[in-house]
Amino acid sequence: MPKKYMIIIISLFIVSVSIITAIGGYFYVEKYKKAPQNTASKVIEEKQNLPKPIKLNLPDDGNQYDVIVVGAEPEGVAAARSAAKNDAKVLIIDKHNGPGGLMTYGMLNTIDMSKGPNGILLTQGTFKEFFKGIGSKNSFDVNKAKEVFLKLLSLPNITQSYNTVFEKPIMDGNKIIGITALKDGKQVNFYGKRIIDATQDADVAASAGVPYTVGAEDMGVKGKVQASTLVFRLKGLDWDNLIKIIKYEKKIPATYINDTSANGFLSITKKYKPSTQMLRLRGLNLGKQDDGTVLVNALLIYGVDGLNKESIDNGIQLAKKELPRIVEFFRANIPGFEKAELDGTADELYIRETRHIKGYYTLDINDVVFNRDFYDRIAIGSYPVDVQATSPEDVGFVYGKPVEYAVPFRCIVPQNVDNLLVVGRSASYSHLAAGSARTIPIGMAEGDAVGVASAYSIAKNKSFADIIENQKDIKNIQSILISQGAYLTPFKAENSVEKSWANTGLKFVLHWGLIVPGYNNDYKLNEKLASMSFYYMTSKMIERAIPSKAQLLSDNYQYLQKYIVNKPISKEDAAEILLTYAGFRDEISGNSGKLFNLAHKKGLITDAAYNDIEKNGIVKWQDAYDMTFSLYKFLTKA
């Protein structure tokens, strides 16, 4: 084949896959989120046998800090308060002039709550104190939040140091024993027995040598992170009038409002055409402030590298340049916004994702959506797996909604570095699991845990790695946490989907982000499978799970492009896709009408999938999950 034609074919392949990913994924979510199969999980709380909480009497070693918390993010505030409540001498530092981080300087003032099936708040402890302090509202006044954080930190054994920038760790072999920071233009060394990294980006951990991935790198997609957002402020909105328009006159469909929060507006905002494809206006999240202004979380910014200051600055400027156009669109198109005016922006970007450190355990998407509990639980969450778009080519997806799941202690204990814990969105989560676990209330519950664990490890003279191996230590930490307000009730989830014969294949494709179950956890097990869906599932599996075999995609595109059609796939067509990728292309022409049997014989179709397809006469989604996993095993066998 001439070289120029091969280049054209490869280019068409890349474009086609991008379009299929964006459009196919979008319609999967939109079409099926309202008509799920019966996949509800039943969660049963279990009894726990914990020892009585012990008193931690830490030794007084003069001027040395017991615990240093780097980052006064909400998670860091919880960590510092928790450690101090357990007799630790604590130092908390932050680059800003006060606490609150993303909530106060990024103006993220609407909270992603985690509640149990009975409505109970799952993230109690310090978060519950904070929530009560801001008025028990999902959207809060930013200045009020800062006051509450300062109050939470006003314990006698907490030293607060603001305008203090972390520079580097102080190491003794693989142990971190302190940090170097820049304060008032001078380098200052702070020494502590335990260090808690509560920075948004795991800066301390990364510089100390903890391994990590960035964004979706863990699922074979490099250079992709969830979009960032610049929160902006409007004045001129009459909130009472907005309540009347939305709640009573119902002029804006699919939109909710209460006395401080509103969300929705998508039927209107989706019509906005940004000046560049690197921006997107999604549905609005509005949070009312005490002075009558309203904060808006809605503008997605693509391509921002949250680890690069120049990229961050460029993202902010791009967004600020767009805001006058957006406000003008609001005035012209949204009832109640006729007098809206731009009144400023947050001081910094809301960056959703950068690093994911590698801990002793990495929380997986399957742990989240299948409601897994762990013996070493230190936090419980339930927020949907909401993964914002990573590029202009996709729209963001919801990969499921758990009833509740636990975060194990092992997720906040990093590999390779002793005396260190990592708390917040950069803890040891997969890219997809972070869609839920990155939320601040879950991070604050973890903050309570790292505070207790740090004080406990000092009192018992044990490393965090030692504690992981000792269930008695874990139970002691859990007992202290519960005595101080944490919610850590063990539970067992009963999920009918996990009883399916295709469960292993289902979890495999979900791990790699190859299906989008939506808010209703609709796995479509017994529904007919479209040809393009199976093509996309298998090709994306190879691209993400076996990047060393990616050449198979371009080499075979000319044979398989005919299957990029929206019609039910036959068993023979599915078999041809499997056989082609498995390297049996030369046997296809001589086995016309017998490909299904051939693929089964080659081990590309299990007995279970073969029998299911033969019995029903159609290829269903559950068959596709199993066959995709079989293809993976075939291509990766020794």
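It should be emphasised that the depicted structure is a prediction, and the values quoted were computed from it without experimental measurement.

Asks: Which parts of the structure should I look at to understand the overall build of the protein chain?
Replies: Looking only at helices and strands, the protein chain features 20 helices and 22 strands. A globule of 638 residues ought to have a C-alpha radius of gyration of about 26 Å, and the protein chain, at 26 Å, matches this closely. When the backbone C-alpha atoms are referred to their principal axes, the protein chain occupies close to 85 × 60 × 50 Å. Intrachain contacts of the protein chain at a sequence separation of at least 6 include 73% that bridge at least 24 residues. With the model as given, the accessible surface of the protein chain reaches about 26,100 Å², and the carbon-plus-sulfur share is 49%. Charge-centre separation for the protein chain: the mean point of 78 positive side chains lies 3 Å from the mean point of 69 negative side chains.

Asks: Sorry if this is basic, but what is going on with the domain arrangement of the protein chain here?
Replies: As assigned here, the protein chain comprises domain 1 (65–215 + 354–385 + 399–484), domain 2 (228–345) and domain 3 (497–636). Between the C-alpha centres of domain 1 and domain 3 the distance comes to 41 Å. With 10 residues of domain 1 at the contact, the number on the domain 3 side is 14 residues. Interface of domain 1 and domain 3: buried area, both sides summed, is about 1,000 Å²; carbon and sulfur atoms make up 63% of it. Considering only the surface of domain 1 that becomes buried against domain 3, Asn 366, Phe 370 and Tyr 399 emerge as the three largest contributors, covering 56% of it.

Asks: Could you clarify how one ought to interpret the pattern of salt bridges in this entry?
Replies: It is possible for side chains bearing opposite charge to pair when their charged atoms get close. For the structure on display, the rule yields 21 salt bridges. The closest approach of N and O atoms between Glu 322 and Arg 325, which form a salt bridge, is 2.7 Å. You can see Glu 322 and its partner Arg 325 sitting in helix α8 (residues 309–333), three residues apart, about one turn around the helix. For Lys 602, the salt bridge goes to Glu 587, with nearest N and O atoms at 3.2 Å. Of the two residues, Lys 602 sits in the loop between α18 (595–601) and α19 (607–616) while Glu 587 sits in the loop between α17 (571–581) and α18, which places them 15 residues apart along the sequence.

Asks: Is there a simple way to explain the packing of helix α3 (residues 126–133) against helix α11 (residues 440–460) in this structure?
Replies: Packed helix pairs are characterised by how far apart their axes lie and by the angle those axes make with each other. For the pair α3 and α11, interaxial distance at closest approach is 8 Å and the crossing angle is 130°. Considered as vectors, α3 and α11 are oriented oblique to each other. Listed contacts from α11 to Thr 126, Phe 127 and Phe 130 of α3 are Pro 441, Met 444 and Asp 448.

Asks: I would appreciate a short explanation of unusual backbone geometry in the present structure.
Replies: For residues other than glycine, phi is negative in most cases, and the peptide bonds are mostly trans. Located in the positive-phi region is Asp 184, a residue other than glycine, with phi close to 55°. Mapped onto the secondary structure, Asp 184 falls in the loop between β6 (175–183) and β7 (186–197). Although it is not a glycine, Asn 461 adopts a positive phi angle of roughly 55°.

Asks: Can you walk me through the packing of aromatic side chains in this structure?
Replies: Two measures describe an aromatic ring pair: the distance that separates the ring centres and the angle between the ring planes. Summed over the entire model, instances satisfying the criterion amount to 17 aromatic pairs. Seen from their ring centres, Phe 127 and Phe 130 are 6.4 Å apart, and the 45° between their planes marks the pair as tilted. Of this pair, Phe 127 and Phe 130 both sit in helix α3, separated by three residues, roughly a single helical turn. Like Phe 127, the residue Phe 130 is buried in the burial classification. Measuring from centroid to centroid gives 5.7 Å for Phe 127 and Phe 131, while their planes differ by 20°, and the two rings are stacked. You can see Phe 127 and its partner Phe 131 sitting in helix α3, four residues apart, about one turn around the helix. By relative accessible area, which is 13% here, Phe 131 ends up buried. Ring-pair connections join several aromatic residues into one group, and the members of that group are Phe 127, Phe 130, Phe 131, Phe 140 and Phe 149. Between Lys 89 and the ring centre of Tyr 65, over which it is positioned, the NZ or CZ distance is 5.6 Å. A cation sits over an aromatic face here: Lys 507 above Phe 370, 4.8 Å from the ring centre.

Asks: How should I be thinking about the side chain of Arg 410 in this particular structure?
Replies: Tracing the sequence through the fold places Arg 410 in the loop between β20 (405–408) and β21 (420–422). A relative accessible area of 16% means that Arg 410 is categorised as buried. A polar contact is formed between the side chain of Arg 410 and the side chain of Asp 376, at a distance of 2.7 Å. Among residues more than four places away in sequence, those in contact with Arg 410 are Gly 359, Tyr 360, Tyr 361, Phe 374, Tyr 375, Asp 376 and Ile 468.

Asks: Hey, could you run me through the side chain of Asn 297 in this one?
Replies: With respect to the element layout, Asn 297 can be found in strand β14 (residues 294–301). Taking the relative accessible area as the measure of exposure, Asn 297 reaches 9% and is therefore buried. At 3.2 Å, the side chain of Asn 297 forms a polar contact with the side chain of Arg 282. Excluding anything up to four places from it in sequence, Asn 297 contacts Leu 108, Thr 229, Val 231, Arg 282, Gly 283, Leu 284, Asn 285, Tyr 350 and Arg 352.

About the criteria used
- Residues numbered from 1 in each chain as written.
- Predicted model: local features only at pLDDT ≥ 70, side-chain atom pairs only at ≥ 80, totals over all residues.
- Heavy atoms only, no water.
- Helix = DSSP H or I, 4+ residues; strand = E, 2+ residues; numbered from the N terminus.
- Rg over C-alpha atoms; globule rule 2.2 N^0.38 Å.
- Contact = heavy atoms within 4.5 Å.
- Areas by Shrake-Rupley, 256 points an atom, 1.4 Å probe, with all protein chains shown as cover.
- Lys, Arg positive; Asp, Glu negative; His and termini not counted.
- Charge placed at Lys NZ, Arg CZ, Asp CG, Glu CD.
- Domains from an automatic or database assignment.
- Buried area = accessible area lost by both parts, 1.4 Å probe.
- Salt bridge = Lys/Arg side-chain N within 4 Å of Asp/Glu carboxyl O.
- Axes fitted to C-alpha atoms, helices over the stretch in contact; angles between N-to-C directions.
- Parallel < 35°, antiparallel > 145°, perpendicular 65-115°, else oblique.
- Phe/Tyr/Trp six-rings, centres within 6.5 Å; stacked < 30°, edge-to-face > 60°.
- Buried < 20%, exposed > 50% of the residue type's maximum accessible area, 1.4 Å probe, protein only.
- Lys NZ or Arg CZ within 6 Å of the ring centre and 35° of its normal.
- Polar contact = N/O pair within 3.5 Å; in protein donor to acceptor, adjacent residues only side chain to side chain.

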